[in-house]
Structure formats: structure tokens, C-alpha cells
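Read off the chains here:
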Amino acid sequence: MNDSNKPLVLVVEDEAPLVTLLRYNLEKSGFRVDEAGDGNEALTKITETPPDLILLDWMLPTLSGIELCRQLRRRPATRGLPVIMLTARAEDQDMVRGLETGADDYITKPFSPEALIARIRALLRRTGAAPAKTPLLFHDMELDPTTHKVTRAGKVLHLGPTEFRLLEFFMRHPRRVFSREDVLNAVWGRDIHVEPRTVDVHIRRLRKAINGEGDLDLVRTVRAAGYALDTDLVAA
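Because the structure is predicted, anything quoted here is derived from the model rather than measured.

Q: A description of the sheet that holds strand β8 (residues 149-152) should follow, citing residues and the corresponding values.
A: Spatially, β6-β7-β8-β9 is the arrangement adopted by the four strands of the open sheet, whose pairing is antiparallel. On the outer flanks of this sheet lie β6 (136-138) and β9 (155-157), each paired with one strand and no other. Neighbour-to-neighbour, the strand axes of this sheet turn through a mean angle of 25°, independent of strand direction. Relative to β9, β8 is paired through three bridges, and the arrangement is antiparallel. By the bridge assignment for β9, R152 is matched with K155.

In C-alpha cells form, the structure reads like this:
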């Protein structure tokens, strides 16, 4: 494979030994690597040469990883850019905050390089897999797997890559109730360990993205069972 065809990973990390370790393992696994030592440098590099995925530390000088992620999700050009937070902050509330801010995955230090590479590949598969060409329709919403365009009542919706995959999964199986484990296996993959509460975080983000003021909430929570894409108003 030519180098230009290899996925580009931007490592945003200020610890030089860790950057060296990440670069070695990523390049050995077939990725191109760019690096930035702080959030402002990362923004410049993302603008100049958009990466395929970002590995993002939380604690950075000048601009924190969490604020960088927030800014990326506000910008149309980077709203769907895959982001994995790689951080020493291991508390549950930190993980929830990172995911709610816009990260697609959250990995705590210390970590296994092999597991990290597997998570990167899984996220890239989800965001870059060849989709079916037929648009999906449900209620007043349309999802085009080819263009990754989602509209509701004719209005374009802006979803992150994980929320897009969640919505596509539900729209391919409307009105069926899926447990958190079902959703994890379908959207994240069976070979990737993700906590069940991660599903709840992304469901909240999906609801926020697709439900405007006065809209019917199309994501139904079924008590002790899971979630469904449904027009039934009865929810837990």
C-alpha cells in the first residue's frame, strides 16, 4: 500500500516518550502518524491536513483535550472526525464527560498497544465501511448511507460518527427493541470491550441530535430491556 493510502492518525499528546511509543506501534500496524503537542497546534494541523482519526490526551497545555474535542464537534468540517480520548483520567464521571463532549471512544492509561490498535481499526471500520446505497426511511427521517446525510422533515441533522452508526442500525431494524449488549455488539463490535453505560451516553447524544423542539422523540427507552426506534410514546 502506498503511504498516501494509509489512514492518517493525529496523536495529540505532550509526553514525548508516549508519542514515540504510539508512533512506533501505529506505523508498525500500517498507519501514517502526525503529532501535536498541544490543542492549538492540533487545530492548525487538522485544518492543514485533516487526519482520519485523532488520538487525544485530556491534559494538554494551552488548550485542553476536552475543549479541543468540543471545538471540533462545533465545526461542520470536523463534526464527524473520529476521536479517541487516551487519558490518565480513569474516573467514571471523566469518561462520561469525555463521551458527552464528543469523543467516540475513551481509553485510560496505562493501556495495551494491541488493544488500542484494535479500537482504532474498529472505529475506522465503523466510519469508513462501504455502505448500502439505498436511503433508509423512518417516520419523517431519512438517512443516506452513501453520503452520510441525515434529514428530518427536510432539515439536515448533524451527527457524530458513532451516533450515525447507532441511527443506521436502528433504522435498519425499526420498532425492534435491542438490549445494550445487542447495540454494543452491532455498533462497536464483539471484539471490542466497551462498557454498557457507553451506550446510554451515545443514546443521549443521538436523541439531542435528531430531536428538535416539538419533535416526537423517536428513540424509545424500554424499561429493563433496552432501546428501540419507534413512534410509540410509552417510555420508561
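We are not done yet, so read on.
Q: So what's going on with the pattern of salt bridges? Which residues, and what values?
A: Tallied over the full model, the rule gives 21 salt bridges. Between R180 and D200 there is a salt bridge whose closest N-O contact spans 2.8 Å. Taken together, the positions of R180 in helix α7 (residues 180-188) and D200 in helix α8 (residues 196-210) put the pair 20 residues apart, joining distant regions of the chain. Judged by its relative accessible area of 31%, R180 falls in the partly exposed class. Residue classification places D200 among the buried residues on the basis of a relative accessible area of 18%. Counted as one network, the salt bridges with shared partners bring together E13, D57 and K109.

Q: So what about the environment of N40? Which residues, and what values?
A: Structurally, N40 is set in helix α2 (residues 39-48). Not counting the four nearest positions on each side in its chain, N40 is found in contact with T62 and L63.

Q: Report on the side chain of D105, specifying residues and quantitative values.
A: The residue D105 is located in strand β5 (residues 105-108) in this model. The buried category is assigned to D105, whose relative accessible area is 7%. There is a polar contact of 2.7 Å between the side chain of D105 and the side chain of R119. Dropping the residues within four chain positions of it, D105 is found in contact with V83, I84, M85, L99 and R119.

Q: Residue-level account of the nonpolar core, with values.
A: One finds L167, F170 and V183 to be the most contacted residues of the largest nonpolar core, which totals 27 residues. Counting only elements with at least two residues in this core, the list comes to β6, β7 (141-144), α6 (161-172), α7, α8 and β11 (226-229). The biggest single contributor to this core is α6, with six residues. Not counting the four nearest positions on each side in its chain, V183 is found in contact with L166, F169, F170, F178, W188 and V199. One finds L10, A36, A103 and V201 within the second-largest nonpolar core, a separate group that totals 23 residues.

Cut-offs and rules
- Every chain is numbered on its own, with residues counted from 1 as its sequence reads.
- Reporting in this predicted model follows two pLDDT cut-offs: at least 70 for local features of residues, and 80 or more for side-chain atom pairs to be given and counted; totals over whole chains, interfaces and linings ignore these cut-offs and use all residues.
- Side-chain measures here rest on the full set of heavy atoms in the structure, leaving out hydrogens and waters.
- Two strands qualify as a pair provided that DSSP identifies no fewer than 2 bridges between them.
- To qualify as a helix, a DSSP run of H or I must reach at least 4 residues; to qualify as a strand, a run of E must reach at least 2; elements of each kind are numbered from the N terminus.
- Note on geometry: axes are C-alpha line fits, over the in-contact stretch for helices, and angles between N-to-C directions span 0 to 180 degrees.
- Take a side-chain nitrogen of Lys or Arg and a carboxyl oxygen of Asp or Glu: if they are within 4 Å of each other, that pair is a salt bridge.
- In this scheme, a residue with accessible area under 20% of its type's maximum is buried, one over 50% is exposed, and one in between is partly exposed, where area comes from a 1.4 Å probe on protein chains only.
- Contacts were defined at the residue level, with two residues in contact if any of their heavy atoms lie within 4.5 Å.
- What qualifies as a polar contact is a pair of N or O atoms within 3.5 Å, subject to a donor-acceptor requirement within protein and to the restriction that residues adjacent in sequence count only when both atoms come from side chains.
- Among buried residues, those of type Ala, Val, Leu, Ile, Met, Phe, Trp, Tyr and Cys that are joined through side-chain atoms within 4.5 Å constitute a nonpolar core.

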